[in-house]
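# Coordinate inspection notes
Next come the chains, spelled out residue by residue.
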Amino acid sequence: MSLYRALPSVDACLKALETLFPAVPHAVLAAHVRRGLDDLRSGIREGRITSADELALPAVVSRIGSAVDEAEKPKLRRVINGAGVVVHTNLGRSVLAREAQEAVRVAAEGYCNLEFDLATGERGHRMDLVEGLLCDITGAEAALVVNNNAAAVLLMLDTLCKGGEVVISRGQLVEVGGSFRIPDVMARSGATLREVGATNRTHLADYEEALNESTRALLWVHPSNYRIIGFHSSVPARELSDFAHSKGLPMLEDLGSGSLIDLSPWGLHDEPTVPEVVRSGVDVVTFSGDKVLGGPQAGIIVGKKEYISRMKRNQLLRALRCDKLTLAALEATLRLYRDRDVALSSIPTLRRLTMSAGELRLRAEALRDALLPALGTEGSPLAALSLKEGFSRVGGGSFPEQGMATTLVCIRPLACSAVELRERLLAADIPVAGRLEDEYFMLDPRTIEDAVFETIAAMLASALG
Ligand SMILES: *Cc1c(COP(=O)(O)O)cnc(C)c1O
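Model, not experiment: these values are computed from the prediction. (Residues numbered from 1 in each chain as written. Predicted model: local features only at pLDDT ≥ 70, side-chain atom pairs only at ≥ 80, totals over all residues. Heavy atoms only, no water.)

## Topic: the overall build of the protein
- Secondary structure summary: the protein contains 19 helices and 18 strands in total.
- When its C-alpha atoms are laid out on the principal axes, the protein stretches across 90 × 55 × 50 Å.
- Within the protein, the fraction of its 465 residues that count as buried is 48%.
- Residue pairs at least 24 apart in sequence account for 74% of intrachain contacts in the protein once pairs closer than 6 positions are excluded.
- Total accessible area on the protein stands at roughly 22,300 Å², and carbon and sulfur atoms take up 51% of it.
- Here the protein contributes 52 positively and 60 negatively charged side chains, and the mean placements of these two sets differ by 4 Å. (Helix = DSSP H or I, 4+ residues; strand = E, 2+ residues; numbered from the N terminus. Buried < 20%, exposed > 50% of the residue type's maximum accessible area, 1.4 Å probe, protein only. Contact = heavy atoms within 4.5 Å. Areas by Shrake-Rupley, 256 points an atom, 1.4 Å probe, with all protein chains shown as cover. Lys, Arg positive; Asp, Glu negative; His and termini not counted. Charge placed at Lys NZ, Arg CZ, Asp CG, Glu CD.)

Listed below in structure tokens is the structure:
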């Protein structure tokens, strides 16, 4: 009973917290106090709290204050990506180019001509903002942008195949991350899936046999995050689209990542670029804006005008359209693509994908040197640092087979385990994500800007300390 009586009053706690957190609304602080005192009461009841010291006003205020501190941090926060996965879906995929960041700021700061034609003073279309750029860059006749690539596939199938059948190779019935399954999206669109071939082999004759009066289109899906290795074959895209056209059907392609630039000089083979796919005669191509393209989350649809026009008139588009911030970032990113060298140097995703092994080695050395002071005194260091050759990954389901050579900075903590170090770095003021391998916590300089080397050193020092 006496312990309960030692609890400070709500008013006393509130008064102290209001001085500590002048910017936090009164009602929010009051809720924290109620919750904090409730916790303490159950602590007493369950025998976890046995001494009145824990119930003194300063102790209680400091305890509730930590909870306020934690709750006041934004939920969505900056994270340093040391994992070496360039298009890391869980870490927000692509980092925007400066130009795109600036465009987002301008669009956020004031009104804009999102759906307003400045030449006539009348209503305009948000669809017109990036269509011209997309056509110039990809060589397509028409283009449309929606919320993401899953939405693009849904809109494409709903518009062109609803109530009919769409033919797809069994080897391409893929699930990409986040439980996006092609068969499920198709079912939502009201198109029926007609699977042909075996998982590892599909021939033109398989497609031919599947055609009937309900067939609306042929669909090619890029096998995003997996590869069938060994005994397999598929019909080349060009041959398949010629075949579709000979039957009077459109050829559709979900390209997934959608490179606008050929990255094979950097060892990233295996994925055709969007302009190549358009040239091969495919009628409609969909791809993501935030994978290898390096822009904001968006689903981009390019292709023949007759099909894109039908999609523009589909009522579903209203539910799938993207907002002004996305369009601002996408337009600014696409403008950079008008000059290949500008795109490669100023779009962070492309810059990271094309960084040379030599540059990465030098940057790993610089990162290691920046981290040295975080290890504590020379005589009794808190961790050991070393460098190791390794591989980065593209991520986002792109180029799944291809690791890109890099140099990793390996941290072996001496006073705690690597697992504990990882936990502490994720709980840091600016969380640092990395890779665990045996007793090492590793950072890949490919996905870390030079400007944050010092920040990582500060986070590491407090994590080790
Ligand atoms: C990533 C991917 C998608 C989904 O794209 P989101 O932009 O994430 O919606 C669909 N299809 C393929 C082949 C993909 O690689």
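So much for the structure itself; the text now carries on.
## A closer look at the domain arrangement of the protein
- Domain assignment breaks the protein into domain 1 (2–71), domain 2 (80–88 + 354–464) and domain 3 (98–346).
- Here domain 1 and domain 3 have C-alpha centroids that lie 54 Å from each other. (Domains from an automatic or database assignment.)

## Some details on the pattern of salt bridges
- Under the criterion given, the structure shown has 26 salt bridges.
- When the shortest N-O distance is used, the salt bridge between K304 and D283 registers 2.8 Å. Taken together, the residues span a long stretch of sequence, with K304 in the loop between β13 (299–303) and α12 (305–313) and D283 in the loop between α11 (274–279) and β12 (284–288) at a distance of 21 residues.
- Using a relative accessible area of 3% as the deciding quantity, one classes D283 as buried.
- One salt bridge in this structure joins E359 and R351, with 2.7 Å as the shortest N-O distance.
- Taken together, the shared-partner salt bridges connect E115, R123, R126 and R321 into one network. (Salt bridge = Lys/Arg side-chain N within 4 Å of Asp/Glu carboxyl O.)

## Quick look at the packing of helix α17 (residues 357–371) against helix α19 (residues 453–464)
- Where α17 contacts α19, the two axes come as close as 8 Å, and the packing angle between them is 40°. Here α17 is positioned oblique relative to α19, judged by the angle of their axes. Two packed elements cross with a definite hand, and for α17 against α19 that hand is right-handed. Side by side, α17 and α19 meet where R363, A366, L367, A370 and L371 of the first sit next to F453, E454, I456, A457 and L460 of the second.
- Tallied by class, residues from the contact of α17 with α19 come to eight nonpolar, no polar and two charged. (Axes fitted to C-alpha atoms, helices over the stretch in contact; angles between N-to-C directions. Parallel < 35°, antiparallel > 145°, perpendicular 65-115°, else oblique. Left-handed = near helix turned anticlockwise from the far one by under 90°. Nonpolar A, V, L, I, M, F, W, Y, C, P; charged D, E, K, R; others polar.)

## A short note on the packing of helix α3 (residues 26–45) against helix α4 (residues 57–72)
- Look at α3 against α4: their axes get within 10 Å of each other, and the N-to-C directions meet at 125°. Judged by the angle between their axes, α3 and α4 are oblique. Classified by chirality, the crossing of α4 by α3 is right-handed. Counted together, V28, L29, H32, V33, G36, L37, D39 and L40 of α3 and V60, R63, I64, A67, V68, A71 and E72 of α4 form the full contact between these two elements.
- Within the contact of α3 with α4, the residues separate by chemical class into ten nonpolar, two polar and three charged.

## Here we look at the environment of L367
- Examined against the element boundaries, L367 turns out to sit in helix α17.
- For L367, a relative accessible area of 0% translates into the label buried.
- Residues L367 and V409, spaced 42 residues apart in sequence, show a C-alpha to C-alpha distance of 7.4 Å.
- When neighbours within four sequence positions are excluded, L367 is seen to be in contact with V409, L443, I448, F453 and I456.

## Focus: the nonpolar core
- Within the largest apolar cluster, 53 residues are counted, with the highest numbers of intra-cluster contacts made by L218, F287, V302 and Y337.
- A total of five residues in this core trace back to one element, the largest contributor, which is helix α6 (residues 128–138).
- Inspection of this core shows a minimum of three residues originating in each of domain 2 (80–88 + 354–464) and domain 3 (98–346).
- Not counting residues within four places of it along the chain, the set of residues in contact with F287 comprises N149, L255, G256, S257, G258, L260, V274, L293, A298, G299, I300 and V302.
- By size, the runner-up hydrophobic cluster in this structure holds 29 residues, among which are V146, A152, I168 and V284. (Core = buried A, V, L, I, M, F, W, Y, C linked by side-chain atoms within 4.5 Å.)

## Describing α19
- Over its twelve residues, α19 extends 16 Å from the first C-alpha to the last, a length consistent with the 16 Å expected when each residue adds 1.5 Å.
- For α19, every residue scored as buried is listed here: F453, I456, A457, M459, L460, A463 and L464. (Expected span 1.5 Å × (residues − 1).)

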